[in-house]
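One-letter residues, chain by chain:
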Amino acid sequence: QVQLVESGGGLVQAGGSLRLSCAASGRTFSTYAMGWFRQAPGKEREFVAAITRSGGTTYYADSAKGRFTISRDNVKKTVYLQMNSLKPEDTAVYYCAAGLAPISSFTPTGWGQGTQVTVSS
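Quantities reported herein were computed from a predicted structural model and do not represent experimental measurements. (Residues numbered from 1 in each chain as written. Predicted model: local features only at pLDDT ≥ 70, side-chain atom pairs only at ≥ 80, totals over all residues. Heavy atoms only, no water.)

Undergrad: Run through the sheet that holds strand S7 (residues 68-73), naming residues and quoting values.
TA: Taking strand neighbours across the sheet as the criterion, the four strands line up as S1-S3-S8-S7 in an open arrangement whose pairing is antiparallel. Since the sheet does not close on itself, it has two edges, and those belong to strand S1 (3-7) and S7, each with one partner. Looking at each pair of strands side by side, their axes are set apart by 15 degrees on average, direction ignored. Where strand S3 (residues 18-25) lies against strand S8 (residues 78-83), six bridges are found, and the strand directions are antiparallel. The residue bridging Leu18 from the neighbouring strand is Met83, located in S8. (Pairing = 2+ DSSP bridges. Helix = DSSP H or I, 4+ residues; strand = E, 2+ residues; numbered from the N terminus. Axes fitted to C-alpha atoms, helices over the stretch in contact; angles between N-to-C directions.)

Undergrad: Let's hear about the packing of aromatic side chains: which residues, and what values?
TA: Taken as a whole, this structure holds five aromatic pairs when the rule is applied. Between Phe37 and Phe106 the ring centres are 6.0 Å apart and the planes differ by 40 degrees, which places this aromatic pair in the tilted class. Residue Phe37 is found in strand S4 (residues 33-39), and its partner Phe106 is found in the loop between strand S9 (92-100) and strand S10 (107-111); the two are separated by 69 residues along the sequence. By relative accessible area, Phe37 is classed as buried at 9%. For Phe106, a relative accessible area of 9% translates into the label buried. Measuring from centroid to centroid gives 5.0 Å for Phe37 and Trp111, while their planes differ by 70 degrees, and the two rings are edge-to-face. Here Phe37, found in strand S4, pairs with Trp111, found in strand S10; they are 74 residues apart in sequence, far enough to count as distant. Taken together, Phe37, Phe47, Tyr59, Tyr95, Phe106 and Trp111 form an aromatic cluster joined through their ring pairs. One cation-aromatic arrangement involves Arg19 over Tyr80; the distance from NZ or CZ to the ring centre is 4.0 Å. (Phe/Tyr/Trp six-rings, centres within 6.5 Å; stacked < 30°, edge-to-face > 60°. Buried < 20%, exposed > 50% of the residue type's maximum accessible area, 1.4 Å probe, protein only. Lys NZ or Arg CZ within 6 Å of the ring centre and 35° of its normal.)

What follows is the structure, given as structure tokens:
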């Protein structure tokens, strides 16, 4: 099992950018597809983006397309979520997840603790 620790959340104005990072421990990071989810207050956790083990293919929720970019560095055992043109409705706790492909139906098998993203209007 891989342990995941997110960082990079914070408070940003609408239209701004943030880059989330998720550092993994363990030797099996490159064997997992990786994803990002988010959960807003009073709402269910929802899928944001996922990336294959090699990093060659990505998949996004409609809400993230064109604004967010997921990437990974298997040497650093880190997955990133670059978020641009942020909107107040992007406010949520963002969770990193290790999981199973296919990434179009990404299945999480382990979670980080989450990092808060707050977008002010």
